[in-house]
Amino acid sequence: MLKPIGIFDSGVGGTSIWRELNKLLPNEHSIYLADSKNAPYGTKSKEEIVKLCIKNTELLLKADCKLIVVACNTATTNAIDYLRENYNVPFIGIEPAIKPAALQTKTKNVGVLATKGTLSSSLFHNTSKLFTEGITIIEQEGTGLVELIETGKVNSEKTKELLRKYISPMLQKNIDCLVLGCTHYPYLVPLLQDFLPSDVHIIDSGEAVARQTQAVLIQNEIQAKVKGTVQHFFYSNSNVEVLQNLVNGDNVTVAYKDF
Ligand code: DGL
């Protein structure tokens, strides 16, 4: 097997990023770690998040990964600087897509739904400040949403209730862009579309992360050049079934792993 791309998240949410990666880079093998046992990361301290990211990174490096995608906004905004300083592989991170939203909004009001850990990070604040002059950002913590997705309850009444509670105040403030600042949230898009007015755009960072990964692979001359059968390994330290339901398909292996 050629060297794989390593991907990790606090749980199953980063599979939304894996899907974009796989679409753009179909010749790349991958190994995905769902650290569901420790989800959510978003309520943990920066120190705890960094520690968990070190654990995930070292496991992926042991598996000979050539590049690591931190498929989690909370992990990126709290730990990517540490990871880049301490490990010798390229890291791709993900942050809430504030810049594209700022360029697109006409009402000059943008909603950001993300975890507490992301919204309180200095990386988020710095990016936010940089691109949002003259634009009002309405931040909302998505408390409880990651736990519902982790337990396979995407379509539950509780999920609908929480989304209404979180999004209604943003609509009252006339947002026309809703940034999904957590890689779990793309799984909520069908529910969101049910009650968002059609002129509110939902923006996530999945495609941009895939494009950035492609650029870094090329820049480092480590992209897979051979067309062949690829393999994708997914490991969860909890909830294997939930993970399985999100990524089943050819060349996909899902298994439990204690890490
Ligand atoms: N997927 C993670 C993110 O993008 C979820 C964070 C959490 O575990 O709280 O932020």
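Above this text is the structure in question.
Residues numbered from 1 in each chain as written. Predicted model: local features only at pLDDT ≥ 70, side-chain atom pairs only at ≥ 80, totals over all residues. Heavy atoms only, no water.

*Asks:* Would you mind showing me how to read the overall build of the chain here?
*Replies:* Secondary structure assignment for the chain yields eleven helices and ten strands. For the chain, the C-alpha radius of gyration of 18 Å lies close to 18 Å, the compact-globule estimate for 259 residues. Its C-alpha atoms put the chain at 50 × 35 × 35 Å along the principal axes. Taken as a whole, the chain presents about 12100 Å² of accessible surface, with 48% of it coming from carbon and sulfur. Of the charged side chains in the chain, 26 are positive and 27 negative, and the gap between their average positions amounts to 1 Å. (Helix = DSSP H or I, 4+ residues; strand = E, 2+ residues; numbered from the N terminus. Rg over C-alpha atoms; globule rule 2.2 N^0.38 Å. Areas by Shrake-Rupley, 256 points an atom, 1.4 Å probe, with all protein chains shown as cover. Lys, Arg positive; Asp, Glu negative; His and termini not counted. Charge placed at Lys NZ, Arg CZ, Asp CG, Glu CD.)

*Asks:* For this particular structure, what's the right way to read the sheet that holds strand β1 (residues 5–9)?
*Replies:* Within a sheet, each strand pairs with its neighbour through backbone hydrogen bonds, oriented either parallel or antiparallel. Strand order across the open sheet formed by six strands is β4-β3-β1-β2-β9-β10, with parallel pairing between neighbours. One side of each edge strand has no neighbouring strand; the edge strands of this open sheet are β4 (91–92) and β10 (252–256). Across the sheet, helix α1 (residues 15–24) lies against β1, β2 (30–34), β3 (67–70), β9 (232–236) and β10, angled at about 175° from β9, the strand it touches most. On the sheet, helix α10 (residues 206–219) packs against β1, β3 and β4 and is oriented at approximately 165° with respect to β3. (Pairing = 2+ DSSP bridges. Contact = heavy atoms within 4.5 Å. Axes fitted to C-alpha atoms, helices over the stretch in contact; angles between N-to-C directions.)

*Asks:* What am I meant to see in the site of the ligand here?
*Replies:* In the vicinity of the ligand lie 13 residues, with Ser10, Tyr41, Gly42, Thr74 and Thr183 positioned nearest. Within the backbone of Tyr41, one N or O atom sits 2.7 Å away from an oxygen atom of the ligand. At 2.7 Å from a nitrogen atom of the ligand is found a side-chain nitrogen or oxygen belonging to Thr183. Considered on its own, the ligand offers 300 Å² of accessible surface; in the complex 99% of this is hidden by protein. Of the residues assigned to the shell around the ligand, the class counts are five nonpolar, seven polar and one charged. (Near = heavy atom within 4 Å. Polar contact = N/O pair within 3.5 Å; in protein donor to acceptor, adjacent residues only side chain to side chain. Nonpolar A, V, L, I, M, F, W, Y, C, P; charged D, E, K, R; others polar.)

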